[in-house]
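# Structure assessment
Read off the chains here:
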Amino acid sequence: ESSGKAHYQSRGPGQPFFAVFNYTLTHESRIRQADKSFQQVTAPLTADQRHDPAQVPVPPYHPDTPEVRRDWARYHDLLTALDYQVAKRLAELEEAGLAQDTIVFFFSDHGAGMPGVKKWIWRDGLHVPLIVYFPEKYRDWAPAEPGRPCDRIVSFVDFAPTVLSLAGVPVPEHMQGTAFLGPAAGPPRTLAYSHRDRMAERYDIVRGVIDGRYHYLRNFLPHLSWSQFVSYTEEMPTMKVWRRLHEEGRLDVTAARYFLPAKPVEELYDMQADPHEIRNLAGDPAHAAALHRLREACMRWMRDTGDLGLLPEYELQRRSEGATPWEIRLDPEKNPVARLQQAADLANAMDPTNADRLVALLGDADPAVRWWGAVGLVALGKRAVPAEAALRKALEDDSPNVRVAAAEALANLGHGEAVQDTLPVLTEALAHETPFIRLRAMNVLDRLGQQARPALDAMKKAGIKGGDVASYVARMVEYVPEKFK
């Protein structure tokens, strides 16, 4: 059973159980909740368990302000309140006479729910607590003595095979993870992978790999800033003051990095020397071997797993009709990962001498490859002038993703005629039958700023029903038109 009422106490007499309990007490929305609600959920804390904002550690990528300190102090208070809730759950297990028969996992789904942490795959967003409790009868399966840390790399894909191993159930071959406990435990992994794609209403594509010391990140949309406006995140006091100080030019270099207009194509960090991942070593010859090794591992992982992230969402939906994304992931026709990687490499070079090669991509038979050609020309900005004729032709492409991307690239050329000619294409996209294309068009129009004013009425009417993506279109319909007042 999967519901808020599911509980192991509902099982049959003597029936083994696997139960998952999720807590939202430390969710980002709880950090910024009203004072009265915050005091209610943290009521169990004693005075000495509350965290003084003046003493709380602030990571170097955040500005050191009262608002930021308050958010971080609240987050630590919520973690302490969570301890009380987990203690009740463990006491419940004890009272049921099951504590000596139950292995307990405790972990979170990501790092702190703070701006620049949650939704990102830097180390602070990926590194989570993991505690596994073994009662005495299962102590032989523990990797270390009670209370001792273990430095083995664990990825979330390892959880399912691990639980099956502990339960004595064969691990299916299709599972990507490796059991790290129990009789079927495999050798320790040397690498852990991660990914970031669209977050709420904003598009991004990032892939990462960690080897325990180094962390490699590949940005596939490097022309987009780290600081794209995500309305939900912008509600956080930390985000508000962070953005305001940026606009006022009052951030130091480290905190200002988040607002750079573009990202590096590659990032490499030494997590031992630089745990908050401030210094990008991708261009440092002293770390070239690690960069090459992890880059190759990341690209290979994408191919081996049939990574679907280089397909625009609309293409993914269209190509998996009558099947599932899982089924098409290794289909070289529907998901040509290697070809898409090559196209993305060309697009990400942001080299104007590649304009002709990007134009050639616009003529490819695969609309996903054509899209990457258009994305590369978007990234060139005004330097894409030699491709203007090809971009105008692409405004009539069969693929709506290509049309929208070509429209942005053409508008970026900067002259009034180009902008004027793109608006009908973007306006048409705002009425597309799927929210995927409407959301793409809303993003482009938002980036165009005041040049998009003639499309204001169409933006207000772009809302559509059905699913999470539609809800993100609705969010943009609420706040993007406000910028034109």
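Presented here is a report on the structure given in the accompanying data block.

The rules we used
- Residues numbered from 1 in each chain as written.
- Predicted model: local features only at pLDDT ≥ 70, side-chain atom pairs only at ≥ 80, totals over all residues.
- Heavy atoms only, no water.
- Helix = DSSP H or I, 4+ residues; strand = E, 2+ residues; numbered from the N terminus.
- Rg over C-alpha atoms; globule rule 2.2 N^0.38 Å.
- Buried < 20%, exposed > 50% of the residue type's maximum accessible area, 1.4 Å probe, protein only.
- Contact = heavy atoms within 4.5 Å.
- Areas by Shrake-Rupley, 256 points an atom, 1.4 Å probe, with all protein chains shown as cover.
- Lys, Arg positive; Asp, Glu negative; His and termini not counted.
- Charge placed at Lys NZ, Arg CZ, Asp CG, Glu CD.
- Pairing = 2+ DSSP bridges.
- Core = buried A, V, L, I, M, F, W, Y, C linked by side-chain atoms within 4.5 Å.
- Phe/Tyr/Trp six-rings, centres within 6.5 Å; stacked < 30°, edge-to-face > 60°.
- Axes fitted to C-alpha atoms, helices over the stretch in contact; angles between N-to-C directions.

Time to look at the overall build of the protein chain. Along the protein chain, the regular secondary structure elements total 19 helices and 6 strands. For the protein chain, the C-alpha radius of gyration of 25 Å lies close to 23 Å, the compact-globule estimate for 485 residues. Structurally, the protein chain occupies a C-alpha span of about 75 × 50 × 50 Å along its principal axes. The buried share of the protein chain, reckoned over its 485 residues, is 50%. Contacts spanning at least 24 positions in sequence make up 65% of the contacts within the protein chain whose residues lie at least 6 apart. A total accessible area of about 24100 Å² is found for the protein chain, and carbon and sulfur atoms account for 53% of it. Between the centroid of the 58 positive side chains of the protein chain and the centroid of its 65 negative side chains there is a distance of 3 Å.

By the criterion of burial, strand E6 (residues 266-270) is predominantly enclosed, with 5 of the 5 residues buried. Taking every second residue as pointing to the same face, both faces of E6 are buried, with Glu 266, Leu 268 and Asp 270 on one and Glu 267 and Tyr 269 on the other. Relative to E6, strand E5 (residues 214-219) runs antiparallel, the two sharing 5 bridges. Bridge assignment links Leu 217 to a residue of E6, and that residue is Glu 267.

Soluble, globular proteins show a tendency: their nonpolar side chains are buried together. Membership of the largest hydrophobic core comes to 90 residues, with the highest contact counts inside it found for Leu 268, Trp 372, Leu 377, Leu 445 and Met 459. Ranked by residue count, the leading element in this core is helix H13 (residues 367-380), at 9 residues. Excluding residues within four positions of it along the chain, Leu 377 makes contact with Ala 355, Leu 358, Leu 362, Ala 384, Ala 387, Leu 391 and Ala 409. Core analysis: the second largest hydrophobic core is formed by 32 residues, Ile 31, Leu 78, Trp 226 and Tyr 269 among them.

With a phi close to 55°, Ala 200 is a non-glycine residue in the positive phi region. Within the element layout of this structure, Ala 200 appears in the loop between strand E3 (192-196) and strand E4 (206-210). With a phi angle near 50°, Met 350 is a residue other than glycine that sits in the positive phi range. Relative to the elements of secondary structure, Met 350 occurs in the loop between helix H11 (337-348) and helix H12 (355-361).

Each aromatic ring pair is summarised here by two numbers: the centre-to-centre distance and the angle between the ring planes. Throughout the structure, instances matching the rule amount to 18 aromatic pairs. Ring centres of Trp 120 and Tyr 258 lie 6.1 Å apart, and the angle between their planes is 80°; on these two criteria the pair is classed as edge-to-face. Residue Trp 120 is found in the loop between strand E1 (104-107) and helix H4 (123-126), and its partner Tyr 258 is found in the loop between helix H7 (253-256) and E6; the two are separated by 138 residues along the sequence. Ring-pair connections join several aromatic residues into one group, and the members of that group are Trp 120, Trp 122, Trp 226, Trp 242, Tyr 258 and Phe 259.

Next up on the list: the sheet that holds E6. Read from one edge of the open sheet, 4 strands run E3-E4-E5-E6, paired in antiparallel fashion. Where the open sheet ends on each side, the last strands, each with one partner, are E3 and E6. The mean angle between the axes of side-by-side strands here comes to 15°, regardless of whether they run parallel or antiparallel. Judged from the 5 bridges that link them, E4 and E5 form a sheet pairing that is antiparallel.

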